[in-house]
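# Topology and contacts: notes
Letter by letter, the chains look like this.
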Amino acid sequence: MQQLIYFNLQAIPLRSFGTEDNIRQKFPAMANISQENIKWCFHLQNDLNKLDYFRITFIVCCVVNAIFAVCATISNGAIVIGIKRTPSLHTPSNLLFCGLAACGIGVGILTQPTYVIYKVAELTRDVKTICWIRKLHHICTHFFSKLLLFILAEISVERFLGVYLLQSYRTVVSGKRVAIALVAANIAAAFIAASIALWKYSIVSNVLNFVVMFCSVLITTASYSIVYLKLKERTRIQRNNLLLKQSKSNKIEHIRIYKHSIKTVAWLIGSVVLCSLPQLCLLVVQAILGYSDPVRLAQNVAATILFINATFNPLVWFYRNKEIRQAACKALRISRTTTEILQLQVLD
């Protein structure tokens, strides 16, 4: 297998640098690294001589990610356990929410911890650890970020079908079909993560990453917008209908409840879009300016913001959905009184 080292974003065969002394002369930061470790590292791309420029940012990002990794794991775990233990919550829409929460757990136990280990290895100049943890972290990041966008798009499409299919919704949208959609989302996310890892720092990987993120956000936003406009139109028609007042009242109540659900999805979409926007913008900047030091610095901050979204999502469910809130609190053994006090504090 040809041994490669990355320099200025280009994969260069190690033998092109000549002897071990030439490699050390080209990369002063590797002065104390053994020849075995140099050959073992096939994808080193970081210039370890510029760590002072990134040190404060790395430390702050590590602390933030370590804290929110625990928060994401506990909060999303409570959502999954709460829904699983509550039979009344076993619906197709809540199954999608479970998939989103499971994605958040993955971020908390894999993506954020590997980020912390990766940055600590950079700060301590542990080149061998950088080599394997960096690859693992990037695969986890791309997998869970794409899975998040896919599931959110599926939630929006499910809401769209609920508005347009009406009575036939339960026949078309079943738990089995939702489970198949979730499995397909995981397979697609794994394929894309592996593809991006294989073509890292190439035009192909940047274009693929941008297209996937853009299309997912576009589908989610378009589905939600259509649903919201359709519900608004139906509410207006029902209120203007002077016949069958009792039926009208029941339909308006149904639409009101459905609107609350749509608004919850809107909060989720807004949270994901806002947290993904910095990363999406940086992909464009990186494609234009290259992987410069300021871009690398901003990318660490943008990645941290994206990871924090895994904690925001369960908070949205907690305060927007009473049933999920009670189930999650029961899973965490939080009393009803404490839950009500926390809710009042947030409303205030």
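Quick summary incoming for the structure in this document. What you see is a predicted model, and the numbers here were worked out from it, not measured in a lab.

Calculation criteria
Residues numbered from 1 in each chain as written. Predicted model: local features only at pLDDT ≥ 70, side-chain atom pairs only at ≥ 80, totals over all residues. Heavy atoms only, no water. Core = buried A, V, L, I, M, F, W, Y, C linked by side-chain atoms within 4.5 Å. Buried < 20%, exposed > 50% of the residue type's maximum accessible area, 1.4 Å probe, protein only. Helix = DSSP H or I, 4+ residues; strand = E, 2+ residues; numbered from the N terminus. Contact = heavy atoms within 4.5 Å. Axes fitted to C-alpha atoms, helices over the stretch in contact; angles between N-to-C directions. Parallel < 35°, antiparallel > 145°, perpendicular 65-115°, else oblique. Left-handed = near helix turned anticlockwise from the far one by under 90°. Nonpolar A, V, L, I, M, F, W, Y, C, P; charged D, E, K, R; others polar. Patch = residues over 30% accessible without salt bridge, like charges linked within 9 Å, V, L, I, M, F, W, Y side chains within 5 Å. Areas by Shrake-Rupley, 256 points an atom, 1.4 Å probe, with all protein chains shown as cover. Salt bridge = Lys/Arg side-chain N within 4 Å of Asp/Glu carboxyl O. Lys, Arg positive; Asp, Glu negative; His and termini not counted. Charge placed at Lys NZ, Arg CZ, Asp CG, Glu CD. Expected span 1.5 Å × (residues − 1). Bend = angle between axes of the 7 residues up to and from the residue.

### Thoughts on the nonpolar core
The biggest cluster of nonpolar side chains holds 49 residues, and the ones touching the most others in it are L100, L147 and W317. Counting only elements with at least two residues in this core, the list comes to α3 (51-85), α4 (92-123), α5 (127-165), α7 (175-198), α8 (203-240), α9 (245-289), α10 (293-320) and α11 (322-331). If you tally residues by element for this core, the top one is α5, at ten residues. Once you skip the residues sitting within four places of it in the chain, L147 turns out to touch C103, A185, N186 and A189.

### Observations concerning the packing of α3 against α4
In contact at an axis separation of 7 Å, α3 and α4 are set at 155 degrees when each is read in the N-to-C sense. The angle between the axes of α3 and α4 places the two elements in the roughly antiparallel class. In the crossing of α3 with α4, the sense of the turn from one axis to the other is left-handed. Partitioned by chemical class, the residues of the contact of α3 with α4 number 23 nonpolar, eight polar and three charged.

### Regarding a positive patch on the surface
Taken together, K84, R85, K330 and R333 make up a surface patch of like positive charges. Looking at where R333 falls in the secondary structure, it is placed in the loop between α11 and α12 (336-347). On the basis of relative accessible area, R333 is assigned to the exposed category, the value being 65%.

### Describing the pattern of salt bridges
This structure, assessed with the given rule, holds three salt bridges. A salt bridge links E122 to K119; its shortest N-O distance comes to 3.3 Å. On the criterion of helical spacing, the pair formed by E122 and K119 is a turn pair, its members being three residues apart in helix α4. The exposure class of E122 is buried, given its relative accessible area of 0%. Residue classification places K119 among the buried residues on the basis of a relative accessible area of 3%.

### Some thoughts on α5
Helix length check: α5, at 39 residues, gives a terminal C-alpha distance of 56 Å against a target of 57 Å (1.5 Å per residue), a fit within 8%. Considering bend angle alone, the principal kink of α5 is centred on I133 and spans about 25 degrees. Most of α5 is tucked away, with 29 of its 39 residues classed as buried. Just downstream of α5 lies L166, where phi reads positive at about 55 degrees.

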